[in-house]
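Overview (structure and organization)
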Amino acid sequence: MFRSRSWFGGGWGRPKNPHSLEHLKYLYNVLSKNQTVSEHNRGLLVETLRSIAEILIWGDQNDSSVFDFFLEKNMLSFFLRIMRQRSGGSSFVCVQLLQTLNILFENIRNETSLYYLLSNNHVNSIIVHKFDFSDEEVMAYYISFLKTLSLKLNAHTIHFFYNEHTNDFPLYTEAIKFFNHPESMVRIAVRTLTLNVYKVEDASMLAFIRDRTAAPYFSNIVWFIGKHIQELDNCVRNDADHQSQNRLADLVAEHLDHLHYLNDILCLNITDLNQVLTDHLLHKLLIPLYIFSLTKRPTPLNDIATANMNRLLNKKTLASDSTSSPHHESSINGGKVSCVVALFLLSQVFLILSHAPLVQTLAWIIFKTDRISYEQGVDKLLENYNSELKRNKQQVEESTESEQSTKSSSKDGSNENLLDVPKNITDEEKERLASSSENSTEVEKPFLESIFTSLDCTENDYTTLFSLCLFYAIANNKGITSDIVEQILKPKKTLVAKTSNKDIKYSYNVQLVDKILHVVMLACQPTCRVRLVTLELALKFLSQLVMCDGKSILLEPHKLTIEAAKSQSTASLRNFYKSEEIFLDMFENEYCDMQKGSLNVEWLCMDSAILLPPTGTPMTGIDFTKRLPCGEVERARRAIRVFFLIRDMVLMLNGEVESQLPLTNPQSCVQIDQALDLSISRYNSDLIGCTVVYKEGNKMRRFLVIDILQLILVEPDTKRLGWGVAKLVGFLQDIEVSGDKDDSRCLHITIHRPLSGTSTNRIPLLSAKFVFDDNIRCMAAKQRLTKGRIKARQKKMQHIARLLEIPGQSGPPSPAFIGASGVGYTSRQIGRNRDRPLFNRCPGFAAPKRENSPGVVHKADTETRRTRCAVESPKAPRIRNESPNAKKDIRSRDSSSSSKTRSRDSSPRMPRPRSEEIPLELIKKAPNSVIDMAPKISILPRPQTPKVECDRGSIEPIGGLRDKDSGVSSISEVSEETSFIADEGDFQNGKGFVETV
């Protein structure tokens, strides 16, 4: 009858206010009566622990007496008793207990309250408690609790966790046991906790970490990373078909996490820890596994550290797979990974790590190590580097002392020469040493030789991309001094003092530039297997090699090579130059996509897809720039990208600024809400009123303005008469116009947004129905929009033609018929008319093709419009002159015809079918009848009738029309685009093909 309404078995003694000291006392009584966990009271204990955390957080901000009571009753001891029980419901209660502690420490802001909770060492007892970590929920709350505690560490609270007398630090020692936990969340929490511990500036605590935990912890980290690298290498070797991209992406992401974690430790600048960590990385990971994998030479047998590393890395592999595959055997025997993986991993190392002692050592070993030192092992390499470092320091000290002594003795300042070589060497010896060092770069240095060899992309650019990434990463690493990379990866500047002035001598690595230019030249070939990302990185790195003090120091042979690459890229793009709409869209799309930003090499090395062999299928999901093109469209896109990249490089080397791209100048375009003077002819000539009906049903009265490149919807300005405000602006090249079958006054207009990415989905800027006042205005608007779209696209195509330096063509053929409605030409017919040869062929004759242009009237056209002759057989009687009235009628028809022709001169002229070029009557003419129709094409101030000579007779025009001066009849049965047939007698007399009056 009286059923309980709460976890507490009734509400008779429970305070009404849950946030009060009385309520905490009530919860204390509940814990006192339920100290043993069972299946019956575990729900009650869980709710009690949750309520205690809520009250303590409230008391931290409102009532300090709450924490006083909590400490007075030592309520944390109840937590310990509950955890230590092994009853059936203890695990369920432990989860809530860890969650309560986590919420409690995460939300407490008062330092005094925090000190209360951390006192009595109960928290450390909870940390070292042996929880059941097989339960994932317990593991998750426990590691989260430790991470929350680490966030509270500072110089004051560190003593609650680290006991200097007992030399114990349970928060740190218990956490690092999970550094290799299979759950990534746990590993990340451990890394965060250790970094929070290292940040605390306490000498005794750091000494404890250095002496007791640094060496074993860092050694385990190095071992774990090495084992991880072996898994990554196996995945790359076995996934040539791109079937395990997700697994490979996880492995690459994990390696990046390791490197960022190591860099965070090194950036704390804790000298003792950095020294221990650097020593482990160099001896056990970076040199023996990363750098030694660059060369195919066998690993030095006397390198004990490498042998131990190989044994540790392959211990589990041997146990799990007794019949390993060949690549497993090679990795076990040699202790190496593939050269591609080594280049990729070293690129990540130099892009992320910036600790100077570490990265300088690695760079020196890569660039300076000779074959003899390599064969002696890791210890010998490091010994040589240390001796070289000491030698350089001594030289710097000696040079400093000599400069000071020289300055004190001389006051003329002639010794202010900044020479990068010892001053007791002559100029000839300097050049000889420089040339000898350049010539011996590949011969004596195995690691550098291997990287240079990887730059060869004759077959593909698989290794070339990673070699460029490694060179770029080393050249841009802030921790590497210039003396290591200068003359190899950066230009070298030397100030040479002479008698009266100072000359600046620039030099760069000629051999490396030759390799890069070879990559660039191959990338410009249409059938090459060089990806766009490789070309872009090569040009990016080349600019750093040959640009110094804001100007190019490129030698003349190299300038000619890059100019040849530009010519080749332009010629390759000409093959894809077409008048189709897709080419213009691709051209502008690729340009906009490239303007988003330059290549980020660090992001590039985060992509695991480049680790796999180059593929040409888009089904793998790899970005277009990181794979080979597939199909004609992607080849055109690649040619456009190559053209842009080479063009930008040439402009930068020449010190020029881009002035021809983009095709549309944004400054000359009308913007939204811009006021327009509608009284000027630019906007007033094509001003048409209409009502815009949106799909939602909204109607707005606007005026349609058709500019040169834009369609503008204008709203009249209420403040100024004759002015309007642009409410919507779109490019004419991106519109689609269609009529309405039911209403002749309506047009359906869609304005697409300009393409800004690689996606082919055109997002409409506007899609609405335009209702005009009558069908005449509707037809006029449709015609103007259609013509405006054609002219806008034609203008841009002509601009592209000028960029591509197409010989003899200022632009593409007139696309007046492309995309226009009502013209029944197919694409095949359009291509046939566009590619028509200069001379039309007819059996036995040849005649020039004549194309009329608007505003130019040829003599033959005048004759055609003025007379109408019927070409008949030779046996037909001649037609004599008719009455003068007939002549007047013909002249009247001629005048009306010419006026109509002049009215249509501004319209684009449609091409005629080839069947109309040669009159059918002439083709069927008897062979014994020869008609002289030599072309009489000229532009004269006054039309004159050409003289017609016939062997067997003459044909007179209808109506007896004769030229008054010569009295010779004229031939008028010739169409506008009919080719004229040459005189047979002229061929026999050798007068040529064309006679012009």
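Because the structure is a prediction, the values reported are computed rather than measured.

The next subject is the overall build of the protein. Along the protein, the regular secondary structure elements total 39 helices and 14 strands. Counting over 997 residues, the protein shows a buried share of 47%. Of the contacts made within the protein by residues no fewer than 6 positions apart, 70% connect residues no fewer than 24 positions apart. Surface summary for the protein: the accessible area is close to 51300 Å², and the carbon and sulfur share equals 50%.

Our next topic: the packing of aromatic side chains. Inspection of every chain in the model, using the stated rule, returns 32 aromatic pairs. With a centroid separation of 6.1 Å and 80° between ring planes, the pair formed by Phe179 and Tyr217 is classed as edge-to-face. Taken as a pair, Phe179 in the loop between helix 10 (170-175) and helix 11 (184-198) and Tyr217 in helix 12 (residues 203-238) lie far apart in primary sequence, 38 residues in all. This pair shows no difference in class: Phe179 is buried, exactly as Tyr217 is. Taken together through their ring pairs, the aromatic side chains of Tyr162, Phe169, Tyr172, Phe179, Tyr198, Phe208, Tyr217, Phe218 and Phe224 make up a single cluster. Note that Arg637 overlies the ring of Phe624, its terminal NZ or CZ placed 4.1 Å from the centroid. Lying across the ring of Phe731, Lys796 places its NZ or CZ 5.4 Å from the centre.

The next subject is the pairing of strand 11 (residues 746-752). Note on strand geometry: in a regular strand, side chains alternate between the two faces of the sheet. Of all 7 residues making up strand 11, 6 are buried, and the element is well covered by its neighbours. Inspection of the sheet shows strand 10 (residues 735-739) paired to strand 11 by 5 bridges, in the antiparallel sense. Along strand 11, the bridge assignment pairs Ser738 with His748. In sequence, strand 10 turns back onto strand 11 through a hairpin of 6 residues.

To continue, consider unusual backbone geometry. The peptide bond linking Leu661 to Pro662 adopts the cis configuration, its omega dihedral lying at 5°. Mapped onto the fold, Pro662 is located in the loop between helix 32 (631-653) and strand 5 (675-677). A positive phi angle, close to 55°, is found at Asp549, a residue other than glycine. Its location among the elements puts Asp549 in the loop between strand 3 (547-548) and strand 4 (551-552). The residue Asp673 is not glycine, and still its phi comes out positive at about 70°. Secondary-structure assignment places Asp673 in the loop between helix 32 and strand 5. Given a relative accessible area of 53%, Asp673 falls into the exposed group.

Between helix 27 (residues 510-523) and helix 28 (residues 532-546), whose axes approach to 10 Å, the crossing angle comes to 145°. Crossing hand, helix 27 versus helix 28: left-handed. Across the interface between the two elements, Leu512, Val513, Ile516, Leu517, Val519, Val520 and Ala523 of helix 27 pack against Thr534, Leu535, Ala538, Leu539, Phe541, Leu542, Leu545 and Val546 of helix 28. Within the contact of helix 27 with helix 28, the residues separate by chemical class into 14 nonpolar, 1 polar and no charged.

Here we take up the pattern of salt bridges. Following the criterion strictly, the structure yields 29 salt bridges and no others. Arg627 serves as the salt-bridge partner of Glu634, at 2.9 Å between the closest nitrogen and oxygen. What makes Arg627 buried here is its relative accessible area of 6%. Counted as one network, the salt bridges with shared partners bring together Glu590, Asp593, Lys596, Arg637 and Arg641.

Taking 1.5 Å per residue, 14 residues should reach 20 Å; helix 30 (residues 581-594) reaches 20 Å between its end C-alpha atoms and fits that length. In terms of residue burial, helix 30 counts as a mostly covered element, since 11 of its 14 residues are buried. Taken together, the buried positions of helix 30 are occupied by Phe583, Leu584, Asp585, Met586, Phe587, Glu588, Asn589, Glu590, Tyr591, Asp593 and Met594. Where helix 30 is buried, its residues contact helix 29 (556-574), helix 32 and helix 34 (775-803).

For the rest of this paragraph, the subject is the sheet that holds strand 11. Taken in spatial order, the 8 strands of this open sheet run 5-9-8-7-6-12-11-10, and their pairing is antiparallel. For this open sheet the edge positions go to strand 5 and strand 10, each flanked by a neighbour on one side alone. Sheet twist, expressed as the average angle between the axes of neighbouring strands with direction ignored, equals 40°. Examined bridge by bridge, strand 11 and strand 12 (residues 764-772) share 7 bridges and lie antiparallel to one another. Residue pairing for strand 12: His752 is matched across the bridge by Pro764.

Here helix 13 (residues 245-267) spans 32 Å end to end across 23 residues, near enough to the 33 Å set by a 1.5 Å rise per residue. Where helix 13 terminates, the next one or two residues include Asn269, which has phi positive at roughly 60°.

What follows is about the confidence of the model for the protein. Per-chain confidence: the protein averages 76 in pLDDT, with 69% of residues scoring 70 or above. Across the protein, helix 18 (residues 339-352) holds the top mean pLDDT of 96, while strand 13 (residues 839-842) sits lowest at 36. Across residues 312-334, confidence stays below pLDDT 50; counting only partners more than four residues off in sequence or on other chains, it has 24 contacts.

So, on to the environment of Ser119. Positionally, Ser119 belongs in the loop between helix 6 (111-118) and helix 7 (122-127). Each C-alpha atom, one on Ser119 and one on Phe160, is 7.1 Å from the other, the two residues being 41 residues apart in sequence. Apart from residues no more than four positions distant in its own chain, Ser119 is found in contact with Leu71 and Phe160. Polar side-chain contacts of Ser119 include one of 2.6 Å to the backbone oxygen of Tyr116.

Where helix 13 contacts helix 18, the axes come no closer than 10 Å and their chain directions differ by 35°. Note on packing geometry: the crossing formed by helix 13 with helix 18 is right-handed. Listed contacts from helix 18 to Val252, His255, Leu256, Leu259, His260 and Asn263 of helix 13 are Phe344, Leu345, Gln348, Val349 and Ile352. Residues belonging to the contact of helix 13 with helix 18 are distributed by class as follows: 7 nonpolar, 4 polar and no charged.

A separate point is the environment of Gln61. Looking at the element boundaries, Gln61 is found in helix 2 (residues 42-62). Given a relative accessible area of 57%, Gln61 falls into the exposed group. A C-alpha to C-alpha distance of 8.3 Å links Gln61 and Ile108, two positions 47 residues apart in sequence.

The rules we used
- Residues numbered from 1 in each chain as written.
- Predicted model: local features only at pLDDT ≥ 70, side-chain atom pairs only at ≥ 80, totals over all residues.
- Heavy atoms only, no water.
- Helix = DSSP H or I, 4+ residues; strand = E, 2+ residues; numbered from the N terminus.
- Buried < 20%, exposed > 50% of the residue type's maximum accessible area, 1.4 Å probe, protein only.
- Contact = heavy atoms within 4.5 Å.
- Areas by Shrake-Rupley, 256 points an atom, 1.4 Å probe, with all protein chains shown as cover.
- Phe/Tyr/Trp six-rings, centres within 6.5 Å; stacked < 30°, edge-to-face > 60°.
- Lys NZ or Arg CZ within 6 Å of the ring centre and 35° of its normal.
- Pairing = 2+ DSSP bridges.
- Axes fitted to C-alpha atoms, helices over the stretch in contact; angles between N-to-C directions.
- Left-handed = near helix turned anticlockwise from the far one by under 90°.
- Nonpolar A, V, L, I, M, F, W, Y, C, P; charged D, E, K, R; others polar.
- Salt bridge = Lys/Arg side-chain N within 4 Å of Asp/Glu carboxyl O.
- Expected span 1.5 Å × (residues − 1).
- pLDDT = per-residue confidence, 0-100.
- Polar contact = N/O pair within 3.5 Å; in protein donor to acceptor, adjacent residues only side chain to side chain.

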